[in-house]
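So the chains spell out like this:
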Amino acid sequence: MAIAKAEPAAAELVAAECVVLAETKDHQNWELIGRVADQGGPHAKVLKAAHDAVEEDEDHHLYHTMGWCRELWIQSLGMPAVLPPPEEERKVETAIGAARAEHARDDYL
Ligand SMILES: [Fe+2]
């Protein structure tokens, strides 16, 4: 819909927002699966294995997507953007790493 109704840059922002929303929920769901696995019970072993297999990837998806979305918005507001975002350059995998990358974005301008 955004591609049909908006300029490409605006459609790109809509896409970025949609991915951030999806990855935020994805991240939360996997965190909850990990918590359920930690409770034990008949399915704990399989849930723990699944959680361990994807947790790092899900962190990566969320933090990198947030970085892309932030920088695309900054660009759309006419300010210098860091593209690709520092989260990509630093290969961020954790929340604290994402916070550090965002804090250091001026170093990448
Ligand atoms: Fe994901």
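Preceding block: the structure.
Definitions and cut-offs
- Residues numbered from 1 in each chain as written.
- Predicted model: local features only at pLDDT ≥ 70, side-chain atom pairs only at ≥ 80, totals over all residues.
- Heavy atoms only, no water.
- Donors = N, O, S within 2.8 Å, 3.2 Å for Na, K, Ca; no water.
- Tetrahedral: all angles 85-135°; square planar, octahedral: opposite > 155°, others 65-115°.
- Helix = DSSP H or I, 4+ residues; strand = E, 2+ residues; numbered from the N terminus.
- Buried < 20%, exposed > 50% of the residue type's maximum accessible area, 1.4 Å probe, protein only.
- Patch = residues over 30% accessible without salt bridge, like charges linked within 9 Å, V, L, I, M, F, W, Y side chains within 5 Å.
- Areas by Shrake-Rupley, 256 points an atom, 1.4 Å probe, with all protein chains shown as cover.
- Salt bridge = Lys/Arg side-chain N within 4 Å of Asp/Glu carboxyl O.
- Expected span 1.5 Å × (residues − 1).
- Bend = angle between axes of the 7 residues up to and from the residue.
- Axes fitted to C-alpha atoms, helices over the stretch in contact; angles between N-to-C directions.
- Parallel < 35°, antiparallel > 145°, perpendicular 65-115°, else oblique.
- Left-handed = near helix turned anticlockwise from the far one by under 90°.

Asker: Which parts of the structure should I look at to understand the coordination of the iron ion?
Answerer: Each donor-metal-donor angle in an ideal tetrahedron of four donors is 109.5 degrees, and each such angle in an ideal octahedron of six donors is either 90 or 180 degrees. At this site the iron ion is bound by Glu-23 (OE), Asp-26 (OD), Glu-58 (OE) and His-61 (ND1), with donor distances of 2.0 to 2.3 Å. Taken together, the four donor atoms coordinating the iron ion span angles of 71 to 155° at the metal, a pattern that classifies the geometry as irregular. All donors to the iron ion come from one chain, and their sequence spacing reads E-x2-D-x31-E-x2-H. Remark: His-61 occurs in helix H3 (residues 44–76) and Glu-23 occurs in helix H2 (residues 8–38); sequence separation between them is 38 residues. Here His-61 falls in the partly exposed class, since its relative accessible area comes to 31%.

Asker: Looking at this model, I keep getting lost on unusual backbone geometry. Mind explaining?
Answerer: Note on backbone geometry: most residues besides glycine have negative phi, and most peptide bonds are trans. Residue Leu-83 is joined to Pro-84 through a cis peptide bond whose omega torsion reads -5°. Take Pro-84: it is sitting in the loop between H3 and helix H4 (86–89).

Asker: I'm lost on a nonpolar patch on the surface in this one. Help?
Answerer: On the surface, Trp-73, Leu-77 and Met-79 cluster together into a nonpolar patch covering about 320 Å² of accessible area. By secondary structure assignment, the location of Leu-77 is in the loop between H3 and H4. Exposure remark for Leu-77: the relative accessible area of 59% places this residue in the exposed category.

Asker: Hey, could you run me through H3 in this one?
Answerer: Three- or four-residue spacings in an α-helix give side chains the same orientation, since the helix completes a turn every 3.6 residues. Here H3 contains 33 residues, and its C-alpha end-to-end distance of 45 Å stays within 8% of the 48 Å for a straight helix at 1.5 Å per residue. Of all the bends in H3, the greatest, near 40°, is centred on Val-54. With its phi angle positive at about 85°, Gly-78 sits one or two positions after the end of H3.

Asker: Got a minute to help me understand the packing of H2 against H3 in this structure?
Answerer: Between H2 and H3, the shortest axis-to-axis distance is 7 Å and the interhelical angle comes to 155°. Between H2 and H3, the angle falls in the class roughly antiparallel. Judged by the twist between their axes, the crossing of H2 over H3 is left-handed.

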